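# Remarks on the overall topology
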Amino acid sequence: MPRPDSHNGRAGSGAGASLFASEAEAAAPGVYVRVAVERGIDRLPTSGDGSLTYRVVPPEARPIAGQRVEVPLGKAGAVTQGIIVEVGDASLADEMDATRVRSITRLRDEVIPVDILALARWMAGYYVCPLGMVLAGMLPAAVKRGTGRTRVEIAALVGTALPEGTKLRPAARRAHAALCERVAAGDAGPWPLRKLAQVLDLASLAPLRRLAELGVIAVTETTEVVVRGAACGASAGSVGASADAGLQLMHTQQHAIAAILHAPESGARLFRVHLLRGVTGSGKTEVYLQAIAQILDEGLSALVLVPEIALTPQTAERFTRRFGEDLVAVMHSGLTASQRHKAWARAAAGEARVVVGARSAVFAPVQRLGLVVVDEEHDSSYKQDRLPRYHGRDAAIKRGQIAGCPVVLGSATPSLESWHNATVPAGPGLPPRYTLSELPTRVPGASMPIVKIVDLARERAIRAHREGLEDRRIHLIGPTLEHAIEATLNAGGQIILLLNRRGFAHYISCARTSCEFILSCDQCDARLVLHKHQGLPMGGFVRCHHCLAEQCVPRLCPICQGRVGFFGGGTQRAEEEIVRKFGSLGIADGSTLLRLDSDTMKSARDYHDALARFSRGDVRILLGTQMIAKGLDVPNVRLVGVLDADTALTIPDFRATERTFQLVSQVAGRAGRGGQTGHVIIQTFHPTHDAIVLAAAHDYTTFARAELATRLRASLPPVRRMARIVCRDADLQKATHAARDIVQALREVGDPTLDVRNPVPCAVSRISGQHRIGIDAFSPTAGQLQRALANARARGLVRSDAKTAIDIDPVALM
Ligand code: ADP
Ligand code: ZN
């Protein structure tokens, strides 16, 4: 955030010790700072957070904690960006040779506010990541580069009287008279200089500069972010605030709002986590909106996190419509750099008091935070899969704790972690950690969709019987779903079809049953996926979904020279099939049928445009991966089809069942949000699996109870906390040895409650030529896990680096 009045201290050459004539001078009183450099050096043990001490020159520069700074680093003194984490005197240099304290190169304008600095410290410790790297990720690149920042001049009124005997040119005289008139009318400024020239109807700034010389006005400079160009999601014209459209809240909604805003014991507003579980379309968003309206009335601000792909124009509009564009800042990946910077600056200045954004918006510099909302809190996209590997939901909870305000976690299918915290006593005789509010029904006038589970094995038998054995094509859509799609199209309804797999065929193998050839990636432990592409030989290419390497499609099996077959279906194959089956009903690729997956959606703009077309009704069938399962609220969607509910069921992860339950429930929730009853058809080879049966019955509680019992038996999260360390190396031996050393280091910590498992190859045992060996560690509490890791880290035995990935509370175990 720009700090208009900061002094830009230039520290000369920054050549370190050579600047000082003697050691005495080096130790002389002055300003010293500790700086976390933005390079990811995990250098401990001496200085706790890995920050380095620098001297501030010139001494009159007044650095503050959180301010960005440039410092020399390493033998060559390469200039590196960093953040000041502490300001003090020469004692900050106590532990090092005072003559070796170097000077900062430059103080910059951007400042990370203290509460976010505190969040960064927690993240660095908790997620075992260098503080400098955590801080580096907190400021958007646009803010660091200052994209769109321009200097603006501000004119403040000093006094309308002119010095005696002043001679003025006609233009200046007119300007003076007009200014006096304005002041007399009650507008005493200050004004942006250009704006003042406009309102006074002046042709240039010259007359105002003359008035400044004469001491009528004082002109100072400040910076402001100006947005150039428009990105998607930007609505035309300004949207004003409107009330809540006279909604009569349900009792359950009223209770939820009261519980969130008032602690039960004292009625006071405190840090507290509330889990809001409400079926899809039960009015959760309305609860957030009304709770936010109340805290805005108290002069406070709110931070709302939503998963990136649920951050549709629809979501953004609900907030801007309710509170007005001036109060709301929406941060999504479709923003241009200057828009992003502007949103940031508006939050920092306290102008934007409702900030809505995806994971990284948890670092938005919202002022006077009064409420934090995490919508779809179960969503795994809240976990960042690169350093720092933080969980957006958990960072949001920490942020609420630092601000001392309530935090609401909302979901139709809460993560078992949150459900555990909201329903299981925190200890003997203690209440659960979180409070729980539930919205068990949809809002008045809407009913839950009718869900039908269809056994794919039976569907195949039906088709074989009906069409004879000569139809050897792969059908992703069985007769039951086909019939339902036809009926819905004929009735004018819209349809959502989910297939959580991209490409055309997800494995390519020899068609002969006697041959074992399957096409795999050279660099990864993974099969290659066929993607169709017009104009290429064989009609497409094959791609590795891990390292993204691409190859030509093989014509023949390299082992037996037999024909190759393309098996398994992805969204591209489903697309072809839909056109083939429903073309006669007016379904054509690209116009009335839209495929939405990360291959067709190259940018946030594509995604926003696609959803807008579907919302308008031009598109009749929306086919896509899990991207379409969230946040969409299109009243005319009367049918949702899940082509293969088993995609997540078979992954080697203890959360496979939970993920399946969530995905099926979420996508089913897109149906019947208008007046008409919605229908959902779920195709599966496991029609009696708990996750599928209970999702179809909208029965979260039974599912959660059973799943928690399973986790308890296996001592898996959320019953215990988990850390996962993956050692990578091109040399398998080295990766294995590194993993063994880490296991030993963790066991040497000597905490009997820490359960460190033996290293095993990961489910995907090699990616981009790097072998991957995983270590799982479990502990009864986060604190114990933390202490063990900190201990091993302090002794230099475990560190985050290019070869070691430490993941605390991992959500993906591939
Ligand atoms: P969720 O976030 O749980 O999916 P929403 O808050 O989006 O639910 O509510 C679904 C729809 O119902 C929205 O169009 C919303 O305006 C409307 N709605 C919310 N609460 C009520 C209510 N108490 N009475 C009538 N309609 C409501
Ligand atoms: Zn690969």
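Provided above is the structure to which this section pertains.
All values reported here derive from a predicted model rather than from experimental measurement. (Residues numbered from 1 in each chain as written. Chains lettered and ligands numbered in written order. Predicted model: local features only at pLDDT ≥ 70, side-chain atom pairs only at ≥ 80, totals over all residues. Heavy atoms only, no water.)

### Observations concerning the overall build of the protein chain
Here is the rule: Numbering of helices and strands runs from the N terminus, with a helix taken as a DSSP run of H or I at least four residues long and a strand as a DSSP run of E at least two residues long. The size measure is the radius of gyration over C-alpha atoms, and the globule rule it meets is 2.2 Å times the number of residues to the 0.38 power. The classification of residues rests on relative accessible area computed with a 1.4 Å probe and restricted to protein chains. Under 20% of the type maximum is buried, over 50% is exposed, and intermediate values are partly exposed. In this description, contact between two residues means that some pair of their heavy atoms is separated by no more than 4.5 Å. Under the convention used here, a 1.4 Å probe and the Shrake-Rupley method define accessible areas, while residue burial counts only the protein chains that appear. Charged residues are defined narrowly, with Lys and Arg counted positive, Asp and Glu counted negative, and His plus the chain ends left uncounted. In this description, the location of a charge corresponds to atom NZ of lysine, CZ of arginine, CG of aspartate or CD of glutamate.
When helices and strands are counted, the protein chain shows 22 helices and 32 strands. Here the C-alpha radius of gyration of the protein chain, 30 Å, is about what a compact globule of 814 residues would show, namely 28 Å. Split into buried and exposed, the 814 residues of the protein chain put 52% on the buried side. Taking the intrachain contacts of the protein chain between residues at least 6 apart in sequence as the baseline, contacts between residues at least 24 apart amount to 75%. A total accessible area of about 35,600 Å² is found for the protein chain, and carbon and sulfur atoms account for 53% of it. If you average the places of the 97 positive and of the 80 negative side-chain charges in the protein chain, the two averages end up 2 Å apart.

### Here's the deal with the nonpolar core
What counts, and what does not: Definition of nonpolar core: a set of buried residues of the types Ala, Val, Leu, Ile, Met, Phe, Trp, Tyr and Cys, connected through side-chain atoms within 4.5 Å.
Residues L135, M138, I496, L596, L622 and I682 are the most contacted members of the largest nonpolar core, which totals 111 residues. With seven residues, the single largest contributor to this core is helix α2 (residues 114-126). One finds L261, Y288, A316 and V356 within the second-largest nonpolar core, a separate group that totals 29 residues.

### Some words on the sheet that holds strand β9 (residues 217-225)
Our working definition: When DSSP finds at least two bridges between two strands, those strands are taken to pair.
With antiparallel pairing, the three strands of this open sheet are ordered in space as β8-β7-β9. Strands with a single pairing partner mark the edges of an open sheet, and in this sheet they are β8 (191-192) and β9. By the bridge criterion, nine bridges tie strand β7 (residues 149-157) to β9 in an arrangement that is antiparallel. Within the sheet, the bridge partner assigned to E153 lies in β9 and is E221.

### Some words on the pairing of strand β4 (residues 78-88)
Across a regular strand the side chains alternate sides, sitting on one face of the sheet and then on the other. Here strand β1 (residues 32-37) pairs with β4 via six bridges, running antiparallel. Its bridge partner being in β4, V35 is matched across the sheet by I84.

### Some remarks on the site of ligand 1
Keep this limit in mind: Residues are counted as near a molecule or strand when any one of their heavy atoms sits within 4 Å of it. A 3.5 Å cut-off defines polar contacts: any pair of N or O atoms within that distance qualifies, except that in protein one atom must be a possible hydrogen donor and the other a possible acceptor, and neighbouring residues in sequence count only when both atoms are side-chain atoms. For this scheme, ten residues count as nonpolar: Ala, Val, Leu, Ile, Met, Phe, Trp, Tyr, Cys and Pro. Four count as charged, namely Asp, Glu, Lys and Arg, and the remainder, Gly too, count as polar.
In the neighbourhood of ligand 1, 16 residues make up the surrounding shell, with Q253, G283, K284, T285 and R318 lying closest. At 2.9 Å from an oxygen atom of ligand 1 is found a main-chain nitrogen or oxygen belonging to G283. Separating an oxygen atom of ligand 1 from a backbone N or O atom of E286 is a distance of 3.0 Å. Protein contacts shield 77% of the accessible area of ligand 1, which totals 550 Å² for the unbound molecule. When residues in the shell around ligand 1 are grouped by element, the largest group, three residues, is from helix α9 (residues 284-297). Tallied by class, residues from the shell around ligand 1 come to six nonpolar, six polar and four charged.

### Considering the pattern of salt bridges
Selection rule: Just to be clear on terms, a salt bridge is a Lys or Arg side-chain nitrogen sitting within 4 Å of an Asp or Glu carboxyl oxygen.
Here the structure, examined in full by the defined rule, presents 37 salt bridges. Put simply, R68 and E38 hold a salt bridge, and the shortest N to O gap is 3.4 Å. A residue pair is termed long-range when its members are at least 10 positions apart, and R68 in strand β3 (residues 67-73) and E38 in the loop between β1 and β2 (52-55) qualify at 30 residues. Of the two residues, R68 and E38, both sit in the buried class. Two residues, K532 and E576, come together in a salt bridge whose shortest N-O distance is 3.3 Å.

### Notes on the coordination of the zinc ion (ligand 2)
Rules: Atoms of type N, O and S within 2.8 Å of a metal are treated as its donors, and for Na, K and Ca the window is 3.2 Å; water is not considered, so some sites may appear to be missing partners. Just to be clear on the cut-offs, tetrahedral is four donors with all angles between 85 and 135 degrees, square planar is four donors and octahedral six with opposite donors over 155 degrees apart and all others between 65 and 115, and anything else goes down as irregular.
Protein coordination of the zinc ion (ligand 2) is provided by C521 (SG), C524 (SG), C544 (SG) and C547 (SG), with donor distances spanning 2.3 Å. In this structure, the zinc ion (ligand 2) is coordinated by four donor atoms arranged in tetrahedral fashion, with angles at the metal of 107 to 112°. Here the donor residues for the zinc ion (ligand 2) map to a single chain with the spacing C-x2-C-x19-C-x2-C. Residue classification places C524 among the buried positions, given a relative accessible area of 3%.

### Some remarks on the packing of aromatic side chains
This is how the line gets drawn: Put simply, two rings from Phe, Tyr or Trp (the six-membered ring, in Trp's case) pair if the centres are within 6.5 Å, and we call them stacked under 30 degrees between planes, edge-to-face over 60, tilted for the rest. Over a ring means this: the NZ of a Lys or the CZ of an Arg is within 6 Å of the ring centre and within 35 degrees of the ring normal.
Counting across every chain of the model gives eight aromatic pairs. Centroid distance F661 to F703: 4.2 Å. Interplanar angle 5°. Geometry classified as stacked. Of this pair, F661 sits in helix α18 (residues 656-668) while F703 sits in helix α20 (residues 700-714), placing them 42 residues apart in sequence. Taken together, the ring pairs in this structure connect W419, F661, Y700 and F703 into an aromatic cluster. Against the face of Y507 rests R527, its NZ or CZ located 4.8 Å from the ring centre. K532 extends its terminal NZ or CZ atom over the ring of F504, reaching a point 4.4 Å from the ring centre.

### Some details on the side chain of R55
Tracing the chain through its elements places R55 in strand β2. There is a polar contact of 3.0 Å between the side chain of R55 and the side chain of Y32.

### Quick look at the packing of helix α13 (residues 416-423) against α20
To keep it simple, the criterion reads: For helices, the fitted line uses only the C-alpha atoms of the stretch in contact; every axis is such a line through C-alpha atoms, and the angle between N-to-C directions lies from 0 to 180 degrees. Here roughly perpendicular refers to angles of 65 to 115 degrees, roughly parallel to angles under 35, roughly antiparallel to angles over 145, and oblique to all remaining angles.
Where α13 meets α20, the closest approach of the two axes is 11 Å, and the angle between their N-to-C directions is 95°. As far as their axial angle goes, α20 and α13 are roughly perpendicular. Every residue of α20 that contacts α13 at L416, W419 and H420 is listed here: Y700, T701, A704, E707, L708 and R711.

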